[in-house]
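Single-letter residue listing:
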Amino acid sequence: MGFVAYPLATALGLVLGSFYTALASRILYFAYGPGRRIPDRWKTILLGRSFCMHCQTPIEERDLIPVLSFALLRGRCRHCSEPLGWHTLAGELFFGLLFPLLILSGQGWPGSLYAMLFCGHLYIAIATDYNLLLLDHENALFLLLWAVAFSLYDSALDPGLFARHGVAAGIALALFLVLYVAARGKGLGFGDVLLAGLIGLFLGIPWTLFAIVFGATASVIYIVYIRRDRSQPAPLGAGMALGVMLTLVVRAIYRMSDTAVW
Ligand SMILES: [Zn+2]
């Protein structure tokens, strides 16, 4: 069974990783960047051919293989040699590793797929929050859709288990709303409040706590040690989204141990 399942999950994960990393850069380019005046831009975002964001040259089919193409091109565009960005490779690798890991931890195919799709939209949230400090509205709707699908599947429609997701969503929303009002929108955007609620709905109790603590820590480290400018707003949303991805890995490994109770 695993003989077919794990390679299949890896391949599907790589395809999803390739799709979402491309979608994230297209959303930045067409919805918020130089391409925002192009008519029918959503059609171009979803169906258009991939092209280099620097020189606009369409990417050849042989250069569209996830991970492998990046390695062969040494991370640069074939035409203009501009870097493609390490985040593309990191995204593709992560998705290619997470899907088989979820299957291995006994998550089941539908639940694993919903989790992968949720992570795909989290990847977009990281891109928009890191670059523009915002959470795209359409993207938030997709996060809601996959969080509901995953939490219903994960709780097997059991009201008690589903409550763990609902309560985590409520607590995260309430907590972040209080912080948002207290900070008067400074350093904490309304997108962060929404994202915290969506993460709560997806992860439930107790794992939401892990993701939020990781997110807060990561964004403080980013501001103090990497950006070195404490007056700048922290990309808290991006940190929490990364925290969810890390949580899924930790949770999968934890579920494979004999002592797992959650
Ligand atoms: Zn180029």
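Residues numbered from 1 in each chain as written. Predicted model: local features only at pLDDT ≥ 70, side-chain atom pairs only at ≥ 80, totals over all residues.

**Some details on the domain arrangement of the protein chain**
Filter applied, for reference: Domain boundaries shown here were taken from an automatic or database domain assignment. Note on contacts: residues are paired as contacts if their backbone-placed C-beta atoms lie within 7 Å. Counting from the N terminus, the helices are DSSP H or I runs at least four residues long and the strands are E runs at least two residues long. In the scheme used here, Gly and all other residues not listed as nonpolar or charged are polar, with Ala, Val, Leu, Ile, Met, Phe, Trp, Tyr, Cys and Pro taken as nonpolar and Asp, Glu, Lys and Arg as charged.
Domain annotation for the protein chain reports domain 1 (1–104) and domain 2 (134–262). Facing 7 residues of domain 1, the contacting portion of domain 2 comprises 6 residues. For the side of domain 1 that touches domain 2, the secondary structure elements donating two or more residues are α1 (2–32) and α4 (86–104). Its residues placed into classes, the side of domain 1 that touches domain 2 shows 7 nonpolar, no polar and no charged.

**Focus on the packing of helix α5 (residues 109–132) against helix α10 (residues 236–256)**
The cut-off we apply is this: Lines fitted to the C-alpha atoms define the axes, with helices restricted to the stretch that makes contact. Angles between their N-to-C directions range from 0 to 180 degrees. Here the angle decides the label: under 35 degrees means roughly parallel, over 145 means roughly antiparallel, 65 to 115 means roughly perpendicular, and every other value means oblique. By definition, turning the near helix anticlockwise from the far helix through less than a right angle yields a left-handed crossing, and turning it clockwise yields a right-handed one.
It is the contact of α5 with α10, at a shortest axis distance of 8 Å, that shows an interaxial angle of 155°. When the axis of α5 is compared with that of α10, the two are roughly antiparallel. Note on packing geometry: the crossing formed by α5 with α10 is left-handed. Here α5 contributes A115, C119, L122, A125, I126, D129 and Y130 to the contact with α10, which in turn contributes G237, A238, A241, L242, V244, M245 and L248. Its residues placed into classes, the contact of α5 with α10 shows 12 nonpolar, 1 polar and 1 charged.

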